[in-house]
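Structural overview for review
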Amino acid sequence: MPEESNFIWPKNGYFYNIYSSKPFHIETNKLIDHKAEENVWSEPVLFTDSSTVAIKADMPGGLGGSSDDHVHYDFVEWWIILKGQLEFQIGNYQPFIASTNDIVSAPIGLRHLIISSGNKQSVRLIIGVPGGSGHDNKKLKGSQNDPIPKRKNPPNLIHTDMQEIIKKFGCSSWSKTILKNQHTQAELISEKPNTNNSSKYKDSFNQWYIVIQGKIIFSFDNDKDINAVEGDIIYIPKNFVYYVKSLGTKNSLRISISKPR
Ligand SMILES: [Fe+2]
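Residues numbered from 1 in each chain as written. Predicted model: local features only at pLDDT ≥ 70, side-chain atom pairs only at ≥ 80, totals over all residues.

Observations regarding the overall build of the protein chain
Summing up its helical and strand segments, the protein chain has two helices and 19 strands in all. Taken over the C-alpha trace, the protein chain has a radius of gyration of 18 Å; the compact-globule value for 261 residues is 18 Å, and the two agree within 12%. Within the protein chain, buried positions represent 35% of all 261 residues. Put simply, of all contacts in the protein chain between residues at least 6 apart along the chain, 71% involve residues at least 24 apart. (Helix = DSSP H or I, 4+ residues; strand = E, 2+ residues; numbered from the N terminus. Rg over C-alpha atoms; globule rule 2.2 N^0.38 Å. Buried ≥ 20, exposed ≤ 12 C-beta atoms within 10 Å, placed from the backbone. Contact = placed C-beta atoms within 7 Å.)

Laid out in structure tokens, this is it:
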């Protein structure tokens, strides 16, 4: 396990890293605003015991260098779309479009190629694993177009359509495993607004959250509150007591990401 450390982004001072013993908050929207002048960019934002996370902005047609056909034989790479639309080619499956809040994963050994589509900038989180392979293994698409498997229920869908999931599971409070493999577990949690009440948690694993919908206050016994909005990332170290309160009138949605548990 590496030494505990924080890294500072040289250009803007947003810190991005752990293995921290304290919770922290990455205000993704501020980061995206900070980069407003640049259409195409990519920055690492988080490094945990389960995940490496980078944010990448791209323009239609893959002008940010998206068009890089490659494969990983050592981990499942996945993406959360924060903004815009992207065309994904995974393995020999028919190319498909993923939109804001959708999740896409590339199973081990399936080549992938990602091209920003639509007519605006796209922004996505790229989630890998510590020590995972880079883009060294090139693999081109085969000549056939296989249909994407018809299974619609998570976990481990190639394309998790967030709107479909919300429609399907409704507006009670629930939790669904979206992804589970040898390195990573991701749980999508829907929670009714609980303005008068916070839920208390103390988990035995390091995790990071990303807020998909709504406003969520994370509070602590001896630390200042984190007011998180859509797109924000919150890191919570294991065994840390924290409280979660969802604000507003509709359910909040967040994803918890950790090692498999
Ligand atoms: Fe990749």
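There is more to say after this.
Side note on the sheet that holds strand β6 (residues 96–99)
Pairing in this open sheet of three strands is antiparallel, and the strands run β6-β5-β8 from one edge to the other. For this open sheet the edge positions go to β6 and β8 (112–116), each flanked by a neighbour on one side alone. Averaged over all neighbouring strand pairs, the angle between strand axes comes to 30°, with direction disregarded. For strand β5 (residues 85–90) and β8, the ladder comprises five bridges, and the chain directions are antiparallel. Pairing of F88 across the sheet is with I114, part of β8. (Pairing = 2+ DSSP bridges. Axes fitted to C-alpha atoms, helices over the stretch in contact; angles between N-to-C directions.)

Things to note about the pairing of strand β15 (residues 215–220)
With six bridges connecting them, β15 and strand β18 (residues 241–247) associate as antiparallel partners. When the bridges of β18 are listed, I216 appears paired with S246. Here β15 runs beside strand β16 (residues 226–228); their pairing, made up of three bridges, is antiparallel. Counterpart to F218 in the pairing with β16 is I226. In textbook terms, the turn of a hairpin is the stretch between consecutive antiparallel strands, and for β15 and β16 this stretch comprises five residues.

Some points on the pairing of strand β14 (residues 207–213)
Taking burial as the measure, the seven residues of β14 include six buried ones, the bulk of the element. Pairing of β14 with strand β17 (residues 233–236) involves four bridges; the strand directions are antiparallel. Paired with Q207 across the bridge in β17 is I236. The pairing of β14 with strand β19 (residues 252–258) spans five bridges and is antiparallel. Its bridge partner lying in β19, V211 is registered against R254.

Let's talk about the nonpolar core
In this structure, I233, I234 and I255 are the most contacted members of the largest nonpolar core, which totals 51 residues. Not counting the four nearest positions on each side in its chain, I255 is found in contact with I178, A186, E187, L188, Y209, I210 and I212. (Core = buried A, V, L, I, M, F, W, Y, C linked by C-beta atoms within 7 Å.)

Quick look at the environment of D161
As for its placement among the helices and strands, D161 is situated in the loop between β10 (159–160) and α2 (162–169). Between the C-alpha atoms of D161 and N145, which are 16 residues apart in sequence, the distance is 21 Å.

Quick look at the sheet that holds β16
As summarised here, the arrangement of the four strands in space is β13-β18-β15-β16, forming an open sheet in which the pairing is antiparallel. Of all strands in the sheet, those bounded by a partner on one side alone are β13 (199–202) and β16. Strand-to-strand twist in this sheet, taken as the mean axis angle between neighbours without regard to direction, amounts to 25°.

Overview of unusual backbone geometry
Backbone torsion omega between P154 and P155 reads 10°, so that peptide bond is classified as cis. Turning to its location among the elements, P155 is positioned in the loop between β9 (122–128) and β10. Positive phi is not limited to glycine here, since N101 has a value of about 80°. In this structure N101 comes out as buried when scored by C-beta crowding, with 22 C-beta atoms within 10 Å. One non-glycine residue, N156, lies in positive phi territory at about 65°. As for its position among the elements, N156 is in the loop between β9 and β10. Judged by local crowding, N156 falls into the partly exposed class, with 16 C-beta atoms found within 10 Å.

A few points about the domain arrangement of the protein chain
Entries for the protein chain in the domain assignment read domain 1 (24–156) and domain 2 (163–258). A C-alpha centroid distance of 22 Å is found between domain 1 and domain 2. The set of elements that each furnish at least two residues to the side of domain 1 that touches domain 2 consists of β1 (24–26), α1 (28–34), β2 (41–47), β4 (77–83) and β7 (103–106). Looking at the side of domain 1 that touches domain 2, its residues break down into 13 nonpolar, nine polar and two charged. (Domains from an automatic or database assignment. Nonpolar A, V, L, I, M, F, W, Y, C, P; charged D, E, K, R; others polar.)

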